[in-house]
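So you can see what is in the structure, the chains are spelled out below.
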Amino acid sequence: MERPVSWRSTLATRQRLKRRFSTTTDKTRTTTTTRPLGSMVMGRTLFLLVLCLWIPSEAVGRKEPSSPTSVNSTVSSRPKVVKLGVLFTVDSVIGRSVLPAIMAAVNDVNSSTSILPGIGLQVILHNTNCSAFLGTMEALQLMENDVVAVVGPLSSGIAHIISHVVNELHVPLLSFGATDPTLSALQYPYFIRTTQNDYFQMYAVAAFVDYCRWREVIAIYVDDDNGRNGISVLGDALSKKRAKISYKAAFPPGASESDISDLLNELNLMESRVYVLHVNPDTGLEIFSIAKKLRMMDSGYVWIATDWLPSVLDSFESPDPGTMDLLQGIVAFRHHIPDTDLKRSLLSRLKSQRVKETVSFNSYAFYAYDSVWLAARALDAYLNEGGNISFSSDPKLQDTNGSMLQLASLRTFDGGPQFLQTILEMNFTGVSGQIEFDTDKNLVHPAYEILNIGGSGSHRIGYWSNHSGLSVIAPETLYLKKSSNTSSLRNQQLYSVLWPGQVTTTPRGWVFPNNGQPLRIAVPNRVSYKDFVSKDKDPPGVQGYCIDVFEAALKLLPYPVPRKYMLFGNGERNPSYDELVEHVAQNNFDAVVGDVTIVTNRTRIVDFTQPFMPSGLVVVVPFVEQKSSPWSFLEPFTTQMWCVTGAFFLFVGTVVWILEHRLNPEFRGSPRKQLITVFWFSFSTMFFSHRENTVSGLGRLVLIIWLFVVLIINSSYTASLTSILTVQQLSSQIEGIDSLISSTEPIGIQDGSFARKYLVDDLNIAESRIVTLKTMEDYIDALQRGPKAGGVVAVVDELPYIELLMSSSHCKFRTVGREFTKSGWGFAFQRDSPLAVDLSTAILQLSESGDLQRIHDEWLNKKDCTSVAVDSNKLALTSFWGLFLICGIACVIALIIFFARIFCQYNKFSPESENTAEEIQPVRRSRRPSRTPSLKKLMVFVDKREAEIKEILRENKKRRHSQSLEDRSVSSSM
């Protein structure tokens, strides 16, 4: 995550460090020495920084003038000086922020009277220059100084290599910047991560992607250890959210501007518009600059940056306006550092002591500060437990054949294993939060802040933690509540986001690829039931109920969908729908539009939309209809019952109109409209389909009682009519699926249907009994001939086909039993296709608006076949007069209360209210007296809206009050 720097830049950095850390304090009065290439001794209370060209190292702290080491072993129970190695790239975005924090930590440790009393902490600094090779060399040279621990490095790539060195020498490596998830592997026992693991960051990104309901993202990353392994974890995290990385766009470290531009141009042709950018802080801004030129920062695009971007922005006290203009609308993740007094105190000290090159401090500075304290506290505990600082030569590290590597100078820390265990058992509160390690050697309570960059800065839209997921509440607050993950995940929320292009609506996250390829839609080339889908001579080349539903749903989408219909099948027989779905899964087609049933084996390989047609398997048998009266539907009720029921429909409708007329605008209008409303409302309650809402309390009371009466009447009518109609019998011994299974007669199924597999595999029906029927004519012929004449005893098929069959055959057949499967027809798309989700919403809109039913009626509104029966038992008024009596009394009481209120209002309204009305809307006075009460005036008053009456009464009250005040003032003046 760092960029290489030149040797000249390194030398300049060393000189600045000399000036910066030329003085310091120490707890012991000792002298300071260094070992690389030569030595330079400075006075007491000084940190010595020796910077050389070929072996860049700095020593900060105190050291005894005489080293207590020997050739083979060094033993010190309570040394005066302990050496701590520091290894990172100084001249980098993170390095410039980290260095002052490390030196401040050393000063604080050496000033402490409770940690390492009487022992000076000496820091030896080496610059890795963001190079794995140079970093390895610097690490080997650092180990020659017999350090007990190493703080660093920043780069995960360098950490991978150095971890092998510290493993061999038993020296713990405390890295505050290496976030690669694979560094937690068991092969690196001495690697201890003192910052957050990118494993958790990638799960935070996945949670945000899922929160925005995106299903595909494009990952852009540097092709190094940190980039590859981080994006690999992101893919795993997204898969758990039913999302995925549609494309991994990697570029090499140090890629040129033209290489990045070519890569972004390639990504711009793809479908996904959600980009996750996981790069290093020193070169990441260049990508946004190029994306801005390519207009990839406009509305519709989504950019999610990992913690590298906040690290850059936090390193500047006031970011450049040009830089902020590049970043508008970006969402970024930053390590969550609790805002504590300890943090504020450290920041204040660092800002007061900062050098010219260090403008501000990012989260890595706090982790580096805590890393030094972790080493110091662990070392203090290690020594207090009787541990020794001793180093021994490793017989395996011997220079042979005249090697100049000086491997023999590298010695093993004898107490390394015990010291490592002490570090892992530490538990204290640092400036970055709780310093405690779990069983995987990760810091406990990982948490991230989610930032939205806009204007001249960024604002926090929420948090993520592995404890509570997404939340607008700080994680430390949620930890105190000790809420479970299950309950918190149900309340995931964030503040609103301002996306690129100053858009507040969450972008869709995908577009159709700009490669000129339309959507390849497969359509089954059917030879039967062509009302559902069939070939057509006119564009688009197909027609049918399914095609019209699909086209209507596409019109509701907020974006165009280029498409091309492609027939599947030879036209001589129905194609296999399982095979058709497999072609979609194999990317031979993008979707299937037709009468495709949603069944389990198909949902495993493709995604279906919301069903647009309910379906299920039914059994069909021949039916011999007995002649009956065309007026059979009147037979459930007697004539008296019909008359009273009709009269009450009109009576209740009129009562509700009277009660609602003054309050409800749906019951107002021209006389003709109101008369229609009364009739419509009256009889629509029979089917509970009245559209008019009731707003008055009396109207609702009457309507509730009446709907209860209608419910009883409807239920009784339905039961009576059903008993009448079911008197007629079928001409088959099959009564449902159970009797069909127990028989041995042949069964007909549709060619290409999933019914064959279901009957054979699930119901264990012998395959020899299955007869494939290609056309509707084959259905009719096989059923009419019957099993004795070479036909079938019954046909098993889906309900939509059977309804069309029965209608087309003039109701010669009937279904028996119930639907023994429940499913539906849907449009099939490739897995994780966003179109499946959008079209599901569009289908629901079609259903709610009634357009789906309208399309159904245009294609499939055929004769309804229902069996009828005759029964002499009729329902008379004597069975229902109690219900009608209750309803009538309720209506009368409601009318009495209503008119009582009317007369009370009318008395208040007349005559003064008329004068008020005349003042508000002046009209010519007629010669006849205006105050004479009349029936006509009462009717006009009743017809007025309730709100209008109340307004006039309020005006009257105000007038009387003002008139009273005027009278009082006149009387007082007199």
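Residues numbered from 1 in each chain as written. Predicted model: local features only at pLDDT ≥ 70, side-chain atom pairs only at ≥ 80, totals over all residues. Heavy atoms only, no water.

- An unreviewed UniProt entry lists the protein chain under the name Glutamate receptor, with Sphenostylis stenocarpa given as the organism.
- As recorded by UniProt, the Function (unreviewed entry) comment attached to the protein chain reads in full: "Glutamate-gated receptor that probably acts as non-selective cation channel."
- As stated in UniProt under Subcellular location (unreviewed entry), the record for the protein chain gives "Membrane". (UniProt positions renumbered as here; feature names shortened; annotations may be inferred.)

Points about the packing of aromatic side chains
- Scanning the model with the defined rule gives 33 aromatic pairs in all.
- The interplanar angle of 75° and the centroid separation of 5.9 Å between the aromatic rings of Trp642 and Tyr717 together place this pair among those described as edge-to-face. Linking Trp642 in helix α19 (residues 639-660) with Tyr717 in helix α21 (residues 697-725), this pair joins segments that are 75 residues apart in sequence.
- Grouped by ring-pair contacts, the aromatic residues Tyr275, Phe288, Tyr301, Trp303 and Trp308 constitute a single cluster.
- The ring of Phe428 is capped by Arg377, whose NZ or CZ atom sits 4.6 Å from the centre of that ring.
- Sitting above the plane of the Tyr559 ring, Arg508 keeps its charged end 3.9 Å from the centroid. (Phe/Tyr/Trp six-rings, centres within 6.5 Å; stacked < 30°, edge-to-face > 60°. Helix = DSSP H or I, 4+ residues; strand = E, 2+ residues; numbered from the N terminus. Lys NZ or Arg CZ within 6 Å of the ring centre and 35° of its normal.)

Section: the pattern of salt bridges
- Within this structure, the stated rule accounts for 26 salt bridges.
- One salt bridge in this structure joins Asp607 and Arg242, with 3.7 Å as the shortest N-O distance. Here Asp607, found in strand β25 (residues 606-608), pairs with Arg242, found in the loop between α6 (225-239) and β9 (244-251); they are 365 residues apart in sequence, far enough to count as distant.
- When the shortest N-O distance is used, the salt bridge between Asp298 and Arg295 registers 3.5 Å. (Salt bridge = Lys/Arg side-chain N within 4 Å of Asp/Glu carboxyl O.)

A closer look at the nonpolar core
- Counting 81 residues, the largest nonpolar core has Phe88, Ile102, Met143, Phe176 and Leu379 as the members making the most contacts within it.
- When sequence neighbours within four positions are dropped, the list of residues in contact with Leu379 reads Val82, Leu116, Val148, Ile389 and Phe419.
- Ranked by size, the runner-up nonpolar core spans 55 residues in total, among them Val620, Val792, Leu804 and Cys811. (Core = buried A, V, L, I, M, F, W, Y, C linked by side-chain atoms within 4.5 Å. Buried < 20%, exposed > 50% of the residue type's maximum accessible area, 1.4 Å probe, protein only. Contact = heavy atoms within 4.5 Å.)

Notes on the packing of α19 against helix α20 (residues 671-684)
- The contact between α19 and α20 brings their axes to 8 Å, and the two run at 125°. It follows from the interaxial angle that α19 and α20 lie oblique. α20 is crossed by α19, and the crossing has right-handed handedness. Seen from α19, the contacting residues are Phe649, Leu650, Gly653, Thr654, Val656 and Trp657; seen from α20, they are Gln674, Val678, Phe679, Phe681, Ser682 and Phe683.
- Here the contact of α19 with α20 is composed, by residue class, of eight nonpolar, four polar and no charged. (Axes fitted to C-alpha atoms, helices over the stretch in contact; angles between N-to-C directions. Parallel < 35°, antiparallel > 145°, perpendicular 65-115°, else oblique. Left-handed = near helix turned anticlockwise from the far one by under 90°. Nonpolar A, V, L, I, M, F, W, Y, C, P; charged D, E, K, R; others polar.)

Details of the sheet that holds strand β27 (residues 617-622)
- Pairing is mixed across the open sheet formed by five strands, whose spatial order is β29-β28-β30-β27-β31. At either end of the open sheet lies a strand with only one pairing partner, and these are β29 (770-773) and β31 (813-816). Strand-to-strand twist across the sheet, computed as the mean angle between neighbouring axes with direction ignored, equals 35°.
- Summarising the sheet, strand β28 (residues 747-750) and β29 pair through four bridges and their orientation is parallel. Directly across from Ile747, in β29, lies its bridge partner Ile770. (Pairing = 2+ DSSP bridges.)

Focus on the sheet that holds strand β11 (residues 302-305)
- Ordered by their spatial adjacency, eight strands build an open sheet running β9-β8-β10-β11-β12-β17-β18-β19, and the pairing between neighbours is mixed. In this open sheet, the two strands that pair with only one neighbour each are β9 and β19 (469-471). On average, adjacent strands in this sheet sit at an angle of 25° to one another, irrespective of strand direction.
- With four bridges connecting them, strand β10 (residues 274-278) and β11 associate as parallel partners. Bridge pairing in β11 links Val274 to Val302.

Brief notes about the side chain of Arg193
- Within the secondary structure, Arg193 sits in strand β7 (residues 191-193).
- Only 3.0 Å separates the side chain of Arg193 from the backbone oxygen of Asp180, close enough to count as a polar contact.
- In terms of polar contacts, Arg193 uses its side chain to reach the side chain of Ser184, at 2.8 Å. (Polar contact = N/O pair within 3.5 Å; in protein donor to acceptor, adjacent residues only side chain to side chain.)

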